[in-house]
Amino acid sequence: MATEQRTRTQKRVAGAPRSADADRVTILMVAQAAGVSAPTVSKVLNGRETVGSETRRRVQDALISTGYQRRSRSESGKVGVVDFVITELDTAWACELLRGAEQEAYRLGTSLILTVTHDRQAQPREWLKTLASRPTDGVVLVVTNTRQVSAEKLRPIDTPFVVIDQVGGYDRDVPTIGATNWAGGFAATEHLTELGHRRIGMITGPDDVRCSLERLDGYRAALGRAGLPLDESLVRPGDFYAESGRRAATELFDLPEPPTAIFAGSDQQAAGVYDVARARGLRIPEDLSVVGFDDTEVCEWLWPRLTTIRQPLAQMAVLAIRNVLETTHSPGEQPLRLELSTSLVVRNSTAPYQSPARIPRGRR
């Protein structure tokens, strides 16, 4: 009965050519019904944001009216495997990315093969050879060094790939999915200035990583918007890990005039700030307001719960899996470049400015 329904549906598509499989509605048929091109239909199917709302609506209506169904993996020549390559798994943000990737792969009926490089600075050696040596339907990469990935280096794999862009700075021919880091840094700092804080510390990520620089630029811009001068002594380098948060917080608390609020470049760094604040006898948020970045599970584990900037990590992974599995790549089509919005999530670690308690110096 389902086949008969699809056949009747095909007849409703004006001028639709008959495919080799006469019982299947094709993307071309949907495109003709909607009055758009086949690549446009593919973009709508894959959640691409470059399609206007009216065109998207027409395509969605055509998908329903034609009864379009995606091909199964056996029919489309897929092997049912997607490779997910990541530098490490010992961070909350890595687990969040993997969760999103696994859920979407499961939903699409494919298996996820996980490769962990275990080296933040490693060049793509053995894992790249492994990917090139066996069939795969697509590759999703999460790496922290832009030199690891280029279209030229990945060409031997001969399969769709996308980079979940945690650091920024990839060549334009590398498809990426990232987030609005500058806007996140601005929102975090603006939240603190609106609470009346005037000495706001910032703990950055590595200074050679674009996302870290963008968050720092957002911090600086928000200070400028509030009419506050930039005090470089309040900016401390880090690497997004908890220990760098502890080290930076110690340096900030030892200043002659320490900050009353700190914007940490990651939730893990914020956790490090909590450790030092507790050791110094500081109460959060009464004596010190803290904002993180990422919105991982760490925010709920900390007490008080951490105010942070939400980076849609799981959604980034979902879109990456969907892109490599379902996108129809047309000749001359520009590589995917998505930047998802960040947002401020206010919890319990920030409060209006109060005259700060004296911070004991030198205690660890």
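First things first, this report covers the structure right here in the doc. Keep in mind it's a predicted model, so treat the numbers as computed, not measured. Residue positions within a chain follow its written sequence, with the count starting from 1. Note on the predicted model: pLDDT of at least 70 is required for a residue's local features to be given, and 80 or more for side-chain atom pairs to be given and counted; whole-chain, interface and lining totals, by contrast, use all residues. The side-chain figures draw on all heavy atoms in the structure; neither hydrogens nor water molecules are used.

1. Quick look at the overall build of the protein
Part 1: When you go through the protein residue by residue, the secondary structure sums to 14 helices and twelve strands.
Part 2: We call a residue buried when its accessible area falls under 20% of the maximum for its residue type, exposed when it is over 50%, and partly exposed in between, using a 1.4 Å probe and counting protein chains only. The buried share among the 364 residues of the protein stands at 54%.
Part 3: Restricting to contacts in the protein with at least 6 residues of sequence separation, those with at least 24 account for 72%.
Part 4: When the accessible surface of the protein is totalled, it reaches about 16900 Å², and 50% of it is carbon and sulfur. A run of DSSP states H or I qualifies as a helix once it reaches four residues; a run of E qualifies as a strand once it reaches two. Both are numbered from the N-terminal end. Contacts were defined at the residue level, with two residues in contact if any of their heavy atoms lie within 4.5 Å. We get accessible surface area from the Shrake-Rupley algorithm with a probe of 1.4 Å; when it comes to residues, only the shown protein chains can shield them.

2. Details of the environment of Ser212
Part 1: Note on placement: Ser212 falls in helix 10 (residues 210-225).
Part 2: For the pair Ser212 and Pro237, spaced 25 residues apart in sequence, the C-alpha separation works out to 9.7 Å.
Part 3: Residues in contact with Ser212, not counting those within four places in the same chain, are Thr204, Gly205, Pro206 and Phe240.

3. Section: helix 9 (residues 181-194)
Part 1: Expected helix span is given by 1.5 Å per residue-to-residue step, counting one fewer step than there are residues. The end-to-end C-alpha separation of helix 9 is 20 Å, in line with the 20 Å expected for 14 residues at 1.5 Å each.
Part 2: Looking only at helix 9, the buried set comprises Asn181, Gly184, Gly185, Phe186, Ala188, Thr189, His191, Leu192 and Thr193.
Part 3: Two residues or fewer past helix 9, Gly196 is found with a positive phi of approximately 95°.

4. Let's talk about the pairing of strand 2 (residues 111-116)
Part 1: Pairing between two strands requires that DSSP report at least two bridges joining them. Where strand 1 (residues 81-86) meets strand 2, six bridges bridge the pair, whose relative direction is parallel. Within strand 2, the position partnered with Val81 by the bridge is Ser111.
Part 2: A crossover gets the label right-handed when its path from the first strand over the helix to the second runs clockwise, viewed with the strands pointing away from the viewer. In the classification by handedness, the crossover that spans strand 1, the intervening helix 6 (residues 92-107) and the parallel strand 2 is right-handed.

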